[in-house]
Structures are given as C-alpha cells and as structure tokens.
Amino acid sequence: FFISSAGVPRSLWPRSTLDRCMDQCDDTYRYNVTVGYSDVLEMARLECRDGCQMALLRCQPGYFCLQASPDKTKSYAGGDMLPCPAGTYRGLAYDQVSECVSCPPNHWREDVKGKSLSSCRKCPANTSTRNRSGSTSIQGCLRCPAGTISTEGTSCK
C-alpha cells in the first residue's frame, strides 16, 4: 500500500538501519520449517532483534540515532544510525543519542563521524569563526579584523 503523498510504495523506501539489522537476525536464525519449530533458534532470533533496538539506544560514538516506533504493520518507523555530519561530533553520552554536538566557535571539523571534542580542530592564530559554531572547514576561520589578534582556537580581541 501507499504511504507517502507522492504515492511511492513503502516497499521501495530505503530500509532503515533497524530494519536491516532485524532482517539479518531473521536470516541468521531462520530454521527449516519442514523440520519443525525450534525454541532455541526462535529465542536466539528474538534476542538478536532486541539487540538491534538496544544498539539504537546506545548509539556508537560518531553517529546519532533516530529512535524507532512501531507502526500499525508491526514494522518500525525510523530506527536509523546516521554519521555525524562535518562540523559536529558525538561521544559516549548515552542520554544524548539523537543529535550530534556542533564544534565550538573557533574550531572546525571537515570529516564526518566525529567522536569527541578533540576531533574538532582549532582555528589558526589571528583567525576566528566570529562566534559561529559547527564550522565544516578551515575556510570558516576568518582573518581577525584590523587591530585585533587571536591565539590558536580563541576569539579575536
């Protein structure tokens, strides 16, 4: 059936991280139904699927996780683990898994998947981001105005 206003069938939507993880559990722990039901394999499959959901609650550093919520089809909407974009990072803070933190003013980060504040590089001396956070390249570090200076990673004064 059709979900989006554009009329695209749900089966053609990109699969979420959670859906792919649960599919892998189902493939790994499936059993041949002609042999009969296996309590051990079914328990392993269900525990694997629980692990997929718990992984989103923990979310590995350098990524942010969108939490899943079951929909009417007993599938999950959302449930994605996505890399932190350039200019941001996310460490081990388990209480803040749904967003990445911007690099502070006078710092920049070009690569994705930043894992800590230390992955944000300081602007060179005599440059500043002019109090803007989340700069994605050294080009965000602008020369200090005439009559002001800065040390590495500080504001122009």
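Please read all numbers here as calculations on a predicted model, not as lab measurements.

(A) Inspection of the nonpolar core at higher detail. Leu18, Met22, Cys25, Cys52, Leu56, Cys59, Tyr63, Cys65, Met81 and Val97 form the largest nonpolar core, which has 10 residues in total. Element by element, the count of residues in this core is highest for helix H1 (residues 17–28), at 3 residues.

(B) Spatial organisation of helix H2 (residues 39–58). In a regular helix each residue adds 1.5 Å, so 20 residues correspond to 28 Å; H2 covers 28 Å between its end C-alpha atoms and thus fits that length. For H2, the set of buried residues is Glu42, Arg45, Cys52 and Leu56. For H2, the buried positions fall inside an angular range of 75 degrees around the axis, keeping them on one side. Along H2, exposed side chains directed more than 90 degrees from the buried face belong to Asp39, Val40, Glu47, Met54 and Leu57. Those residues of H2 hidden inside the fold are in contact with H1, strand S1 (63–66) and strand S4 (80–83). In the segment just after H2, Cys59 is the residue with positive phi, at about 55 degrees.

(C) Local environment of the pattern of salt bridges. Counted under the stated rule, the structure contains 6 salt bridges. Ionic pairing is found between Arg45 and Asp26, a salt bridge with its closest N-O pair at 2.8 Å. Here Arg45, found in helix H2, pairs with Asp26, found in helix H1; they are 19 residues apart in sequence, far enough to count as distant. Its relative accessible area of 19% is what places Arg45 among the buried residues. Between Asp26 and Arg49 there is a salt bridge, and its shortest N-O distance comes to 2.9 Å. Taken together, the positions of Asp26 in helix H1 and Arg49 in helix H2 put the pair 23 residues apart, joining distant regions of the chain. Since its relative accessible area comes to 25%, Asp26 is described here as partly exposed. Several salt bridges share partner residues, and in doing so they unite Asp26, Glu42, Arg45 and Arg49 into one network.

Reading guide: rules and limits
- Residues numbered from 1 in each chain as written.
- Predicted model: local features only at pLDDT ≥ 70, side-chain atom pairs only at ≥ 80, totals over all residues.
- Heavy atoms only, no water.
- Core = buried A, V, L, I, M, F, W, Y, C linked by side-chain atoms within 4.5 Å.
- Buried < 20%, exposed > 50% of the residue type's maximum accessible area, 1.4 Å probe, protein only.
- Helix = DSSP H or I, 4+ residues; strand = E, 2+ residues; numbered from the N terminus.
- Expected span 1.5 Å × (residues − 1).
- Arc of directions from axis to C-beta.
- Contact = heavy atoms within 4.5 Å.
- Salt bridge = Lys/Arg side-chain N within 4 Å of Asp/Glu carboxyl O.

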